[in-house]
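What follows is the residue order along each chain.
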Amino acid sequence: MAIDFTLDPAIEAIRVRVRDFIRDVVRPGEAKIGDKGSLERSAYVKLLLQMRAEAKAAGLWLPHMPKEWGGMGLGHVELAIVQAEAAKAYYGPWVLNCQAPDEGNMHTLLHWGTDAQKERYLRPLCEGHVMSCFAMTEPEVAGSDPTLIRTRAVRDGDDWVVNGHKWFISNARRAGFAILIARTEEDPERPQAANTGFIVDLPSPGWHHVREIETMHGSTGHSEIRLEDLRIPAANMLGGRGQGHRLGQYRLGPARLAHCMRWISQAETALEMMVDRSTKRFAHGSLLSAKQGIQWMIADSAMELYQCKLMVLHAAYKIDRGLDFASEVSMTKHFVANTLGRIVDRAIQVHGALGYSTDTPLAHMFQHARWARFADGPDEVHRMRIAERTIAAWQRHGSTRRATGDLPV
Ligand SMILES: Cc1cc2nc3c(=O)[nH]c(=O)nc-3n(C[C@H](O)[C@H](O)[C@H](O)COP(=O)(O)OP(=O)(O)OC[C@H]3O[C@@H](n4cnc5c(N)ncnc54)[C@H](O)[C@@H]3O)c2cc1C
């Protein structure tokens, strides 16, 4: 039998090491950080860097990168296991240097960068000396349709000159460089071939930080950027002309799945909190856990979390095997994002006023769960693509099987 859900002992050992590291190093660090602002800034940075140094020393650095780049050299299935453990703590992925958007940018640079670009940008990113951002979305046009991008790059001698407007650029304020997507082609053969990727050193004249956007979860590093006569050397083009869409798509497959790996961990935390609270809170003659209305919430959450885990592992397996994973990643991203919102919402319900307070992490988790349904592809676009692939599978093969995971059942 080729299907085997047991973990290889070597991977199980890594899982346990990550779990212990999160428990012994990251959680105590987070406890010291406490509520925002309770630790002085230099002490906060020192503590974060110290946790990173410990992750490196423990061999738990860059789980998603090949060993020659200082990483753990894990495949996507193994990565799912590590990411899920790391995300049990808020700072876990950052401490292991596998957080968005740096993680997706590392994949992008590794696949598309020239040797010189890799040495200059990927190397310090992997070493944890710089951070990065990915600048694609614009306020004036639908971010879910990159063929509409208006930011324009025009060739001028050895440079490209860029003018445009971006927003919701995560990490921009802290980044040492950006991967920027801009329109270079006036009349492309296909609308998808209009854009090109560039690497921008930050800060740069012409890259103007307008503001940090205040969101449902506060002001946490998503920036609005004006690009005014920004000059980028031609050598900083990433991939070829007109490859910007492909570059984005290549980046988004594994990056979307990495989000799901972290979200299942959040959903599991919420379910465990829901169960724990229900076994301790007494009302109307019994514990909440004895009431059918609560049991249904627990049961629905358990079933959905089980589905999420299987979907993540199967999509990761397809990426590892070099199989077409587009539909599986779309289905997984949609399902896990929605499940996360539902489970956290139920956990808040079971906690009552406590769940609505910021005394537990649930309120914070709920705010983050909301953006999961439209960032990296809104629900509706994923459903549109899933439907298109399902119809195409039927028309080509007389069966929808290839669009439903292509599983042997
Ligand atoms: C916390 C956060 C971090 C982000 N970080 C980054 C970043 O680092 N870099 C970056 O470039 N972007 C980033 N984004 C932007 C994100 O990628 C976009 O929000 C996303 O691509 C959707 O684009 P939009 O917001 O313009 O929504 P729109 O494209 O305007 O879509 C709005 C809504 O329209 C509907 N819709 C769209 N298309 C269809 C369709 N075909 N059928 C039916 N309905 C449809 C959906 O309901 C969708 O939610 C971030 C966003 C958030 C919230």
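Parameters at a glance
- Residues numbered from 1 in each chain as written.
- Predicted model: local features only at pLDDT ≥ 70, side-chain atom pairs only at ≥ 80, totals over all residues.
- Heavy atoms only, no water.
- Axes fitted to C-alpha atoms, helices over the stretch in contact; angles between N-to-C directions.
- Helix = DSSP H or I, 4+ residues; strand = E, 2+ residues; numbered from the N terminus.
- Parallel < 35°, antiparallel > 145°, perpendicular 65-115°, else oblique.
- Contact = heavy atoms within 4.5 Å.
- Nonpolar A, V, L, I, M, F, W, Y, C, P; charged D, E, K, R; others polar.
- Patch = residues over 30% accessible without salt bridge, like charges linked within 9 Å, V, L, I, M, F, W, Y side chains within 5 Å.
- Areas by Shrake-Rupley, 256 points an atom, 1.4 Å probe, with all protein chains shown as cover.
- Salt bridge = Lys/Arg side-chain N within 4 Å of Asp/Glu carboxyl O.
- Buried < 20%, exposed > 50% of the residue type's maximum accessible area, 1.4 Å probe, protein only.
- Domains from an automatic or database assignment.
- Buried area = accessible area lost by both parts, 1.4 Å probe.
- Polar contact = N/O pair within 3.5 Å; in protein donor to acceptor, adjacent residues only side chain to side chain.
- Left-handed = near helix turned anticlockwise from the far one by under 90°.
- Near = heavy atom within 4 Å.
- Phe/Tyr/Trp six-rings, centres within 6.5 Å; stacked < 30°, edge-to-face > 60°.
- Lys NZ or Arg CZ within 6 Å of the ring centre and 35° of its normal.
- Core = buried A, V, L, I, M, F, W, Y, C linked by side-chain atoms within 4.5 Å.

Draft legend 1. Structural context of the packing of helix α3 (residues 76-86) against helix α8 (residues 292-320). Direction vectors running N to C along α3 and α8 enclose 140°, while the axes themselves pass 7 Å from each other. Classified by the interaxial angle, the pair formed by α3 and α8 is oblique. Residue-level inspection shows His76, Val77 and Ala80 of α3 in contact with α8, the latter providing Val312, Leu313, Ala316, Tyr317, Ile319 and Asp320. A breakdown of the residues in the contact of α3 with α8 according to their chemical character gives seven nonpolar, one polar and one charged.

Draft legend 2. Seen up close, a nonpolar patch on the surface. On the surface, a cluster of nonpolar side chains totalling about 470 Å² of accessible area is made up of Ile3, Phe5, Tyr306 and Leu310. You can see Phe5 is positioned in the segment before α1 (9-33). Residue Phe5 is classed as exposed on the basis of its relative accessible area, which comes to 64%.

Draft legend 3. Representation of the environment of Leu288 in the model. Residue placement: Leu288 occurs in the loop between β10 (286-287) and α8. Residue Leu288 is classed as buried on the basis of its relative accessible area, which comes to 12%. Distance in space between the C-alpha atoms of Leu288 and Gln395 is 50 Å, their sequence separation being 107 residues. Excluding its chain neighbours within four sequence positions, the residues that come into contact with Leu288 are Ser278, Arg281, Ala283, Ile294 and Val350.

Draft legend 4. Just the domain arrangement of the protein chain, in detail. Split into domains, the protein chain comes out as domain 1 (9-99), domain 2 (132-238) and domain 3 (248-403). Between domain 2 and domain 3, the C-alpha centre-to-centre distance is 31 Å. If you look at the interface, domain 2 gives four residues, while domain 3 gives seven residues. Together domain 2 and domain 3 conceal approximately 610 Å² of surface at their shared face, both sides included; 75% is due to carbon and sulfur atoms. Among the residues of domain 2 in contact with domain 3, Phe134, Met216 and His217 are the three that bury the most area, contributing 72% of the side total. Across the domain 2-domain 3 interface, the total number found is zero salt bridges. Where domain 2 packs against domain 3, one counts one residue pair in polar contact (both at pLDDT 80 or more). Tallied by class, residues from the side of domain 2 that touches domain 3 come to two nonpolar, two polar and no charged.

Draft legend 5. Structural context of the packing of α8 against helix α9 (residues 326-351). Where α8 meets α9, the axes come as close as 9 Å, and the angle between the chain directions of the two elements is 155°. Here α9 runs roughly antiparallel to α8, going by the angle between their axes. The handedness of the crossing between α8 and α9 comes out as left-handed. When the residues that make up the contact of α8 with α9 are grouped by side-chain class, the tally is 14 nonpolar, six polar and six charged.

Draft legend 6. Spatial organisation of the site of the ligand. The local shell around the ligand holds 18 residues, among which Phe134, Thr137, Gly143, Ser144 and Phe168 are the closest. Ser170 places a polar side-chain atom, nitrogen or oxygen, 2.8 Å from a nitrogen atom of the ligand. When isolated, the ligand has an accessible area of 990 Å², and the protein chains bury 68% of it. Taken together, the elements giving at least two residues each to the shell around the ligand come down to β1 (132-135), β3 (159-170) and α12 (379-397). Residue composition of the shell around the ligand, grouped by class: 11 nonpolar, five polar and two charged. Among the domains, domain 2 (132-238) and domain 3 (248-403) are the pair contributing at least three residues each to the shell around the ligand.

Draft legend 7. Geometry of the packing of aromatic side chains. Counted by the stated rule, this structure contains six aromatic pairs. Geometrically, the ring pair formed by Tyr90 and Tyr91 is edge-to-face, given 5.1 Å between the ring centres and 85° between the ring planes. Residue Tyr91 is classed as buried on the basis of its relative accessible area of 16%. Between Trp167 and Phe168, the ring centres sit 5.2 Å apart and the planes meet at 85°, which makes this aromatic pair edge-to-face. An aromatic cluster of at least three residues, connected via ring pairs, comprises Tyr44, Tyr90 and Tyr91. The aromatic ring of Trp94 is capped on one face by Arg52, whose charged end is 3.6 Å from the ring centroid. In this structure, Arg342 is placed above the aromatic ring of Phe335, and the distance from its NZ or CZ to the ring centre is 5.9 Å.

Draft legend 8. Just the nonpolar core, in detail. Ranked by internal contacts, the top residues of the largest apolar core, which has 45 residues, are Phe21, Val95, Leu96 and Leu109. If you list the elements that add at least two residues to this core, you get α1, α2 (41-57), α3, α4 (92-95), α5 (102-112), α6 (115-127) and β4 (177-183). When residues of this core are assigned to their parent elements, the largest contribution, eight residues, is made by α1. Both domain 1 (9-99) and domain 2 (132-238) contribute no fewer than three residues apiece to this core.

Draft legend 9. Seen up close, the pattern of salt bridges. Here the structure, examined in full by the defined rule, presents 23 salt bridges. The salt bridge partner of Glu328 is Lys318, with a shortest N-O separation of 3.2 Å. Taken together, the residues Glu328 in helix α9 and Lys318 in helix α8 connect sequence positions 10 residues apart. Relative accessible area serves as the criterion here: at 7%, Lys318 is assigned to the buried category.

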